[in-house]
Amino acid sequence: MKNLLKAILLLSLLAPFAIAQVTDVTLIAILKAEDARRYDKTLEDLLKSPSEQVRTRAALAVGRIGNTAAVPALVGLMEKDPSLRVREMAVFALGEIESVTAADAIVRLIGETGKAQIPGKTEMGRARLVEAAGKIAAAHANDPKAKELGGAIIFTLEAEQLRGQSQDRETILLALTAALRAKPEHADVTVAKFLTNADARVRADAANTLARMRAKNANELLRMMLVKDTDAIARANAARALGAAEDGEAVDALIKAATSDTDSRVRVVAIRSLAALKNEKAAEPLLKRGEILLSAYKASKKPDRIPTEQNEFIEIATTLGRLLTNTQNERAVNLIREFGKLDNGLSTEVYIARVRIAPVRGDESAKPELTHWRQYSTLAQVVGEFAKLEPTNEEGKKMKAEAPEVLHPLARALAEADPVNDADTIMAGSDVLRAYAAFKTADLSEILRSALNNKDVFIRATAAELIGELPASKENVETLKATFERSLQTDKHDNDAQLAILDALFKLDKKATFGVLSSALQHPDYLVRKKALGLLGDKDAWKEISESEMKRLNEIAKTGKDFVWPYDSKSGTKLGTVLNTDLDYRRSIARTNGMVKAVLTTEKGKFTIELLPEDAPLTVDNFIKLARSGFFNGLEVHRVVPNFVMQDGDPRGDGSGGPGWSIRCEINMVPYERGAVGMALSGKDTGGSQWFVTHSPQPHLDGGYTVFGRVNETDMKVVDDIVRGDKIISVRIMEGNLPQSTPRKKR
């Protein structure tokens, strides 16, 4: 008996550890399926697991993978699963897949009286259902089902409005975001009803939705919000909505907000909205505000510190450029000239504003020595602005006529520049080519073809993009084809040129594109194969292709498969491959048991990111690996859009660089509130090293970009002060009791 009791006691003690081990094994299986973007029997079986937690996590994985084959199984979970948590995750996953085949079931459940009722089970609210409706409707705007989904969104908002004080906040917020995505007919009328809601966030999101719809029906309420609302985000979004509506009656309220609101987020949005109104009345108060900012900028400018005032000054200069175009306003010109003495040509937007206001030659003695690629970029973009300008003065007209000749030698030089010997200038190559292309000169095709031979992948990508906008010619098409085949062999760190060439070829000559798809469909980079599969799936494009040729290419596509291949060192590229090992998966899972933080030291102070391994384990692991390797140390913040994001993580500094590999998205339900940290993308599953922090709530980003961290309100004061050009000095990772390299032990 004693032995039996000992055995029972031992089993009871071991049981929790046995369950944990099964959970680890299951989680690793799910992570592997997500990493490979593969929906197969493993996930099919997990969706049927007796464990609620397993079904929930498997449903999330299926949504992330995005395979439409999973829709029937997810609809089944949504309609019949006994767990509310599972049903809501199934709905979220259907929204991520964006398949219109789920529309009928979603509309039916939204339409249930009160809440979506599932007999014998806990009620499921409409929040996630309406969120999915918005995503699917936006992805299939021309499908008849989109109208039904839009109607369900309006129904949801109207139903919540009628509930008065018993309204469900989450449902309203997700329905407002769904409305801005789907843009159903007459949505502006319904959305406007929420501008007077007692909840400041609801008011702010309603204004945001109206702004993105460019609605004009609620201007009086929005003007009242801008003047009287106590919430800064609500005021900022009201200002944006008034600008989008081009409400002339709002000019005085916007001027006051732009020059005296206590919150910088409100000021910058109001400044932008004044540009949209194009009322010259705003110029004088903006000039006065600009002079105040410039004085503060001068006082705090130091060799190792870019003043925070730069963000707002750039916004004012840009708006003045639109309000005072061709006016030769001496006060505005002097303001920008004084700023330029300190900025040295790095803030491109300011100098573009200067040439719009007074298209005349600058003071030769005040021109900075060109030592930084951004200065070349600024020069090119300023000259390129003449392609859009119509100067009214004689000097401006002469400058416009001479602009192509000014850009020609620079475009020629950078088209042929060497990444090693011309490292200081080649970064400006893409901007120079775009500026020169705006003039549509006779030799443009020849210069762009020359750029297609450049060793710099981003110059080649830009050249391909620009060639794709020109009329088709045999020479351009043949050069694109040859460059594509060559790039498959040489471009191991970045795939931008390969993807741009495929797009350009498809625009110019679909038959020629068909000829290179064979190589693309066999490439180890999943993103290149995915692009090729997408082009192959456009059946209308291949009407002239023989049935035998189509059959051959479809067979190649099946061989190439539509999931991510494991990394093979023989291929020479890590792009679009599965890089993680079992050790990586185990380490990522282990972090979910403790607190993980990243402490960033910047030129404006320190701030901490609380990382979220539970929601995005592999994204967090990727960030930690990069941080511990010193990847982020010394990088410039290359993008700051006030009241939107601060973005970093680009080793090039122009927004196009990365680490030489790509990671998959780990979309989750964490919303983009103020201080959310997300992965920057150029398309699904293209993340690498670039990340951003949101200055204010950005609901339109929810479910589109991976949230993998957050910054608290205290530390956001540091983030708010950061401007473009500030550096991340160091990133220090702090983990609880779990060292990075030690996986959780088997139990």
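Scroll up to find the structure.
Just so it is clear, the model here is predicted, and its values are computed rather than measured.

Peer 1: Tell me about the pairing of strand β6 (residues 645–648), and name the residues and values.
Peer 2: Residues in a regular strand point their side chains to alternate faces of the sheet. Side chains of β6 alternate between two faces, with Val 645 and Gln 647 and Met 646 and Asp 648 buried alike. Pairing between strand β5 (residues 639–641) and β6: three bridges, direction antiparallel. Directly across from Val 641, in β6, lies its bridge partner Val 645. Between β5 and β6, which pair antiparallel in sequence order, lie three residues; one of them, Asn 643, sits at a positive phi of approximately 70°.

Peer 1: Hey, could you go over the packing of helix α7 (residues 127–139) against helix α9 (residues 169–182) for me, with residue numbers and the actual values?
Peer 2: Packing of α7 against α9 leaves a shortest axis separation of 8 Å and a crossing angle of 5°. Judged on the interaxial angle alone, α9 and α7 are roughly parallel. Across the interface between the two elements, Ala 127, Arg 128, Val 130, Glu 131, Gly 134, Lys 135, Ala 137 and Ala 138 of α7 pack against Glu 170, Thr 171, Leu 174, Ala 175, Ala 178, Arg 181 and Ala 182 of α9. Grouping the constituent residues of the contact of α7 with α9 by class yields eight nonpolar, two polar and five charged.

Peer 1: Please set out the pairing of strand β3 (residues 596–602) residue by residue, giving values where relevant.
Peer 2: With six of its seven residues buried, β3 lies for the most part within the structure. Two elements, β3 and strand β10 (residues 728–735), share seven bridges in a ladder whose sense is antiparallel. For Val 599, the partnering residue across the bridge sits in β10 and is Arg 732. Examined bridge by bridge, β3 and strand β4 (residues 605–611) share six bridges and lie antiparallel to one another. In the sheet register, Lys 597 faces β4, and the bridge partner there is Glu 610. Between the antiparallel neighbours β3 and β4 lie two residues.

Peer 1: So what's going on with the pattern of salt bridges? Which residues, and what values?
Peer 2: Pairs can form between side chains of opposite charge whenever their charged atoms are close. Tallied over the entire structure, the rule returns 64 salt bridges. The partner of Arg 169 in a salt bridge is Asp 199, and the shortest N-O contact between them spans 2.5 Å. Pair noted here: Arg 169 is in helix α9 and Asp 199 is in the loop between α10 (187–192) and α11 (200–213), with a separation of 30 residues, a long-range link. With its nearest N and O atoms 3.4 Å apart, the salt bridge here joins Asp 621 to Lys 625.

Peer 1: Got a sec to walk through the sheet that holds β5? Specific residues and values, please.
Peer 2: Here eight strands make up an open sheet; going across it, the order is β5-β6-β8-β7-β9-β4-β3-β10 and the pairing antiparallel. The open sheet has two edge strands with one neighbour each: β5 and β10. Across the sheet, the mean angle from the axis of one strand to that of its neighbour is 25°, orientation sign disregarded. Strands in contact with helix α31 (residues 617–628) are β3, β4, β7 (676–679), β8 (691–694), β9 (707–710) and β10; relative to β10, the strand with the most contacts, it is inclined by about 125°.

Rules of the game
Residues numbered from 1 in each chain as written. Predicted model: local features only at pLDDT ≥ 70, side-chain atom pairs only at ≥ 80, totals over all residues. Heavy atoms only, no water. Buried < 20%, exposed > 50% of the residue type's maximum accessible area, 1.4 Å probe, protein only. Helix = DSSP H or I, 4+ residues; strand = E, 2+ residues; numbered from the N terminus. Pairing = 2+ DSSP bridges. Axes fitted to C-alpha atoms, helices over the stretch in contact; angles between N-to-C directions. Parallel < 35°, antiparallel > 145°, perpendicular 65-115°, else oblique. Contact = heavy atoms within 4.5 Å. Nonpolar A, V, L, I, M, F, W, Y, C, P; charged D, E, K, R; others polar. Salt bridge = Lys/Arg side-chain N within 4 Å of Asp/Glu carboxyl O.

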